[in-house]
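Overview (structure and organization)
Now for the letters of each chain:
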Amino acid sequence: MIKLKIRDKIIGLLVFYFLVALVAIGSTLLVSWRLEGGAAAINDAGRERMRSYRIAYLVELYVKQPTQQLRDDIDQEIISFETTLIELEKGNPVRPLSLPKDADVKTQMAQLRLTWQEAIQPHISSIPVSYTHLLRVILNHLWLNARVSKK
């Protein structure tokens, strides 16, 4: 049996702990590099959710009181929404931003784009001022009738 001095045992333990720490740090860095693009995608998806709420809020304000400033704000939010949607689909290595390479995620992203392009965005863009005025009159009429019927 080999007799080791206390100094050799301590150095051996320190080298062992150093190697364990090096492996732990390396694996943490590797995992964080892989997930970094996904984190940016999650942030952008959350930003899109909040932007959709803002668009709905602006449309509601526009229906009640149409102004050119509100229309411009809606159009700007739509442009931002579509720009972010494209960046989510294509990715951005500079940020880095990337969706997971999962078929379900790609299918859901394609469905989101289709729903936006065919169902939501055309309705928002087609709200003309004359119809909004008519809608406001109808809503005011319904609201007044509801108040009268409660009394």
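Before reading on, note that the structure itself is shown above.
Each chain carries its own residue numbering, running from 1 in the written order of its sequence. Reporting of local features is limited, given that this is a predicted model, to residues whose pLDDT is at least 70; pairs of side-chain atoms are given and counted only at 80 or more, and all residues count toward the totals for whole chains, interfaces and linings. Side-chain calculation: all heavy atoms of the structure are included, whereas hydrogens and water are not.

Regarding the environment of V94
If you trace the backbone, V94 turns up in the loop between helix 2 (68-90) and helix 3 (103-125). Through-space distance from the C-alpha of V94 to that of G37 is 9.9 Å; in sequence the pair is 57 residues apart. Helix and strand assignments follow DSSP, with helices taken as H or I runs no shorter than four residues and strands as E runs no shorter than two, numbered in order from the N terminus.

Focus on the packing of aromatic side chains
When two rings of Phe, Tyr or Trp (its six-membered ring) have centres within 6.5 Å they constitute a pair, described as stacked for plane angles under 30 degrees, edge-to-face for angles over 60, and tilted for the intermediate range. This model, assessed by the stated rule, comprises 2 aromatic pairs. Judged by centre distance (5.9 Å) and plane angle (55°), the rings of F16 and Y17 are tilted. On the numbers, 4.3 Å between centres and 35° between planes, the contact of F81 with W116 is tilted. Of this pair, F81 sits in helix 2 while W116 sits in helix 3; the two residues are 35 residues apart in sequence, bridging distant segments of the chain. Relative accessibility under 20% of the residue-type maximum defines a buried residue, over 50% an exposed one, and the middle range a partly exposed one, all with a 1.4 Å probe and only protein chains included. By relative accessible area, F81 is classed as buried at 6%. By the criterion adopted, a ring carries a charge over it if an Arg CZ or a Lys NZ lies within 6 Å of its centre and within 35 degrees of its normal. Looking at R71, its charged tip hangs above the ring of Y62, at a distance of 5.5 Å from the centre.

Examining helix 2
Multiplying 1.5 Å by the helix residue count minus one yields the expected span of that helix. For helix 2, spanning 23 residues, the distance from its first C-alpha to its last is 33 Å, which sits close to the expected 33 Å at 1.5 Å a residue. Residues of helix 2 that are buried: L70, R71, I74, E77, I78, F81, T84, L85 and L88. At the exit of helix 2 stands G91, carrying a positive phi of roughly 85°.

Quick notes on helix 3
Across its 23 residues, helix 3 extends 31 Å between first and last C-alpha, which sits within 8% of the 33 Å expected from 1.5 Å per residue. Of all the bends found along helix 3, the most pronounced is centred on W116 and spans about 40°. Listing the buried residues of helix 3 in full gives M109, R113, W116, Q121 and I124. The term bend refers to the angle at a residue between two fitted axes, each drawn through seven residues, those ending there and those starting there.

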